[in-house]
Amino acid sequence: MRLRFAPSPTGYLHVGGLRTALYNLFLAKQSKGKLILRIEDTDQNRLVKNAEENLISMLSWAGINFDEGPHITGDYGPYRQSERLTIYKEYYLKLIKTGHAYPCFYSEQRLEDLEAGKLSSEDATIEDAVFQDFNLSDVLKKMETENFVVRLKIPSNDFIHFDDLIKGSIKFDLNLINDPIIIKSDGFPTYHFANVIDDHLMNITHVIRGEEWLPSIPKHILLYQSLNWSPPLFSHLPLLLNTDKTKLSKRQGDVHVEDFLKKGYLKDSIINFVAFLGWHPGGDSKQEIYNMEELINLFTIDRVHKSGCIFDIEKLNWMNSIYIKELELKNFIK
Ligand code: GLU
């Protein structure tokens, strides 16, 4: 198995991110496979200074060590998407030449209008459809001198059927999706395009990520199909919720792993607690205290819950108290 954790350096490590990274680690260790760190930094406007360093140091603090990544290299690099632009170019040109994607040309004025919200992206998509019928050699020539974005052609009147290892089988109606942008006017790929190209080229066999990416699946599957590639197996993890069942947010409490550390929660209790967010080993056992090695041995994807999971701070407090009581005196004093 080859698995990856693919954070965007747009902030510090979130508890949801820690859970994703842990589940990837558990499967990589169990299968004696490889765990890869890939930094998804294609949205240059949202980069946060030092976020990459922080992510790497927090993951290492948690005992999540990678076999490949930007900080240690490997055979499938570069592992930072901003360093892979020439690779993406090869594939978007291929998609244009095979008729699966098309460039749309923009005047500076139009780009400014789009940015200023004077032109909705919905209207822009409809207007852009005129570019679909352009002659290929004209288009390739125009791309050398003019501003453009590249859009993926979504076939109409069709469905995508998809099997998720957690959510089961899902059907998406492609009539509900506009032709998405895969290359932006700054030459950077969008998340969807870079993510698919990299998962394939890095030989990723299993993708485990948050449920918020499930709506993107039809675009991803279409990209795989357009490139004649078979997709990896996907598992989308249930959302983390506040006690009022809204999506876990900073407004209602801490969400970054670092916040919990600063408040004195112990590493082992944070990991134990986070591993149980939306997963349970099953069976009759009431045991809830497990160390990393036990978690690695016990974890299975089929026991991950389908629906959202409440982040219950009381339970973390209880778990932390158990770990504190077990501390040796010298560590307790420290
Ligand atoms: N860059 C995405 C994120 O930060 C990763 C999504 C994925 O794993 O495909 O959540």
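What counts, and where the lines are drawn
Residues numbered from 1 in each chain as written. Predicted model: local features only at pLDDT ≥ 70, side-chain atom pairs only at ≥ 80, totals over all residues. Heavy atoms only, no water. Phe/Tyr/Trp six-rings, centres within 6.5 Å; stacked < 30°, edge-to-face > 60°. Helix = DSSP H or I, 4+ residues; strand = E, 2+ residues; numbered from the N terminus. Buried < 20%, exposed > 50% of the residue type's maximum accessible area, 1.4 Å probe, protein only. Near = heavy atom within 4 Å. Polar contact = N/O pair within 3.5 Å; in protein donor to acceptor, adjacent residues only side chain to side chain. Areas by Shrake-Rupley, 256 points an atom, 1.4 Å probe, with all protein chains shown as cover. 1 Å grid on protein atoms, 1.4 Å probe; cavity = no way out; pocket = protein on both sides within 12 Å on 5 of 7 lines; lining within 4 Å. Sits in = over half its atoms within 2 Å of the grid points. Nonpolar A, V, L, I, M, F, W, Y, C, P; charged D, E, K, R; others polar.

J.: Mind laying out the packing of aromatic side chains, listing which residues take part and the relevant values?
T.: This model, assessed by the stated rule, comprises 15 aromatic pairs. Ring geometry for Phe26 against Phe299: centres 5.4 Å apart, planes inclined by 55 degrees, an arrangement best described as tilted. Residue Phe26 is found in helix H1 (residues 15–30), and its partner Phe299 is found in the loop between helix H11 (292–298) and strand E11 (309–310); the two are separated by 273 residues along the sequence. Looking at Phe26, the relative accessible area reads 0%, which means it is buried. For the pair Phe276 and Trp279, a centre-to-centre distance of 5.3 Å together with 65 degrees between the ring planes defines the contact as edge-to-face. Neither Phe276 nor Trp279 differs from the other in exposure class; each is buried.

J.: Could you give an account of the pairing of strand E3 (residues 101–106), with specific residues and numbers?
T.: Along any regular strand, the residues point their side chains to alternate faces of the sheet. Most of E3 is tucked away, with six of its six residues classed as buried. Both faces of E3 are covered, namely the face carrying Ala101, Pro103 and Phe105 and the face carrying Tyr102, Cys104 and Tyr106.

J.: Let's hear about the site of the ligand: which residues, and what values?
T.: Taken together, the neighbourhood of the ligand is formed by Arg4, Ala6, Pro7, Ser8, Glu40, Tyr191, Asn195, Arg209 and Trp213. Glu40 is positioned such that a nitrogen or oxygen atom in its side chain is 2.6 Å from a nitrogen atom of the ligand. Summarising the interface, the protein chains cover 84% of the accessible area of the ligand, which totals 300 Å² for the free molecule. Judged by its atoms lying within 2 Å of the grid points, the ligand is housed in the largest pocket. When its residues are assigned to classes, the shell around the ligand shows four nonpolar, two polar and three charged.

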